Amino acid sequence: MTSSGNKRVIGLGIVGLGGATLSMLPKFAKNAGYKIVAAADIDKDVLAAFNKDFPDSKTYTSVQDLCTNEDVELVYIATPNRFHSEHAITAFSGGKHVLIEKPMTIEIPGSIAMIEAAERAGVLLGVNVKHSFEPRVQKVREMVRIEEFGKLRLINSWRYVDWLYRPRTPEELTPEWGGGIVWRQAPHQLDIVRTIGGGMVRSVRSMAGIWDPERRVPGAHATFMEFEDGAVATSMISGYDHYDSRLLVFGPDALDPLKHAGARRELRDSLAGSAEADAAASERYGGDRAGAAVRETPGLGGGWIMGGPTVISFDHADVSFSRNGLEVFSDTERYEIDLKGPKDGRDGRLDTYYDAIVSGAPLPADGRWGMATLEVLLAIQQSGDERRELMLAHQTGSVD
Ligand SMILES: NC(=O)c1ccc[n+]([C@@H]2O[C@H](COP(=O)([O-])OP(=O)(O)OC[C@H]3O[C@@H](n4cnc5c(N)ncnc54)[C@H](O)[C@@H]3O)[C@@H](O)[C@H]2O)c1
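A quick note: this is a predicted structure, and the numbers were derived from the prediction, not measured. (Residues numbered from 1 in each chain as written. Predicted model: local features only at pLDDT ≥ 70, side-chain atom pairs only at ≥ 80, totals over all residues.)

(A) Examining the pairing of strand β7 (residues 125-128) more closely. Judged by which residues are buried, β7 turns out to be covered on both faces: L125 and V127 on one side and G126 and N128 on the other are all buried. Bridge count between strand β6 (residues 97-101) and β7: 4 bridges; the pairing is parallel. Looking across to β7, one finds that E101 is bridged to N128. In terms of handedness, the path from β6 via helix α5 (residues 108-121) over to β7 forms a crossover that is right-handed. (Buried ≥ 20, exposed ≤ 12 C-beta atoms within 10 Å, placed from the backbone. Helix = DSSP H or I, 4+ residues; strand = E, 2+ residues; numbered from the N terminus. Pairing = 2+ DSSP bridges. Right-handed = clockwise from strand over helix to strand, strands pointing away.)

Here you go:
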């Protein structure tokens, strides 16, 4: 750890310079608590592009080598899902704290091994679940906690997107490797829902659908969850590039009809065969399409969290995510709470991790939280396969 003025600065090593890192890098770069000192990737082209922009950082072609760098205190791991457990355990062996991308891994034994390895090494394991740190989500969680409108009863979260037909890597199209919409997109949604509901999911009944024989990964899910305290949640995502649920958030004129089904069209017309994987790879650091995965609604912003409606019902109000924050529809009035500010969920993730390392504050969204979300992800798939409700055993509560 180094220092800048009076502030302790955490040396950061990044593993995997793909789409996830592209979104996180500006956040790390402008946060005075962190200094990017190293990066690792197996792709020498992305490393070279990174090196041009961060000439003072060291670059490596393996996570093992990056972890020998004594200036690295925290390793942010953004490699494909199936490598998360192995890469995190390597970092723990080197005595590093880890911020792991979501989902933390793709099977329960791997997640337990990660948690135990961090504990043995006396370091921290956090999951990069930016949405549970979003001001909208934090504010609703507070409403739940203080029972501002009575008891939480129901959370509904809907999302219709083009995910399945945007350029995808082989990793993203292979279910056993952590591909498909459940592994790749539902962790965001579940973190929002579990954070608001307090974390303790009792049971899951779900369906994860594979509807397109050309793309044999789940492209949609519909899930009913019950929390231990009796509150319930329904959540769904369809990535089949038909309807776009931003129309429900921003209004019927928000999207250009001429751009309808653009992802399907591009895939069909110009990304046949290996061209798709090449296009997906060019969304990484320094690539021609770098940043294409960041889905802001033109002129409206909002990011992932506003990609579809989220409505939370209490005894005495419904509260929805709105353009500026939250809109409250209570027994007697309707009003908007403005939550616009300089910081978003990614900032919240980094700030809470900094406080945990530097001041010993409890770390929200730690390994146990990640394992609890992983358990729901596994239950979504198993419940659909077996057409029955599943009871959960690895849940943990929110750090409020
Ligand atoms: N939090 C978010 O908003 C967000 C967004 C996108 C992806 N993700 C998550 O981030 C992770 C990565 O996804 P992505 O879309 O960035 O993938 P990607 O394919 O774009 O990037 C992965 C990078 O890891 C590198 N890599 C692969 N194996 C490696 C190894 N053994 N050692 C070092 N580097 C290796 C690849 O070369 C590539 O540059 C996934 O877990 C995904 O779920 C999170």
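(B) The arrangement of the domain arrangement of the protein in detail. On domain assignment, one finds that the protein holds domain 1 (2-128) and domain 2 (132-344 + 376-391). Taken together, the contact between domain 1 and domain 2 spans 16 residues of the former and 14 residues of the latter. Counting residues per element, the ones that place at least two in the side of domain 1 that touches domain 2 are α1 (19-30) and α2 (44-53). Looking at the side of domain 1 that touches domain 2 residue by residue, the class counts come to 8 nonpolar, 5 polar and 3 charged. (Domains from an automatic or database assignment. Contact = placed C-beta atoms within 7 Å. Nonpolar A, V, L, I, M, F, W, Y, C, P; charged D, E, K, R; others polar.)

(C) View of the site of the ligand. Around the ligand, the surrounding shell holds 25 residues, and the nearest of these are G16, G18, G19, A20 and E101. By residue number, the principal contributor to the shell around the ligand is α1, which donates 3 residues. Broken down by class, the residue content of the shell around the ligand amounts to 10 nonpolar, 8 polar and 7 charged. Lining the shell around the ligand are residues from two domains, each supplying at least three of them: domain 1 (2-128) and domain 2 (132-344 + 376-391). (Near = placed C-beta within 6 Å.)

(D) Structural view of the packing of helix α6 (residues 135-146) against helix α8 (residues 186-197). Close contact between α6 and α8 brings their axes to 8 Å; oriented N to C, the two are set at 30 degrees. Comparing their axes, α8 and α6 come out roughly parallel. Counting all contacts with α6, which are made through V137, V140, R141 and V144, the residues of α8 involved are I192, T195 and I196. Classifying every residue of the contact of α6 with α8 gives 5 nonpolar, 1 polar and 1 charged. (Axes fitted to C-alpha atoms, helices over the stretch in contact; angles between N-to-C directions. Parallel < 35°, antiparallel > 145°, perpendicular 65-115°, else oblique.)

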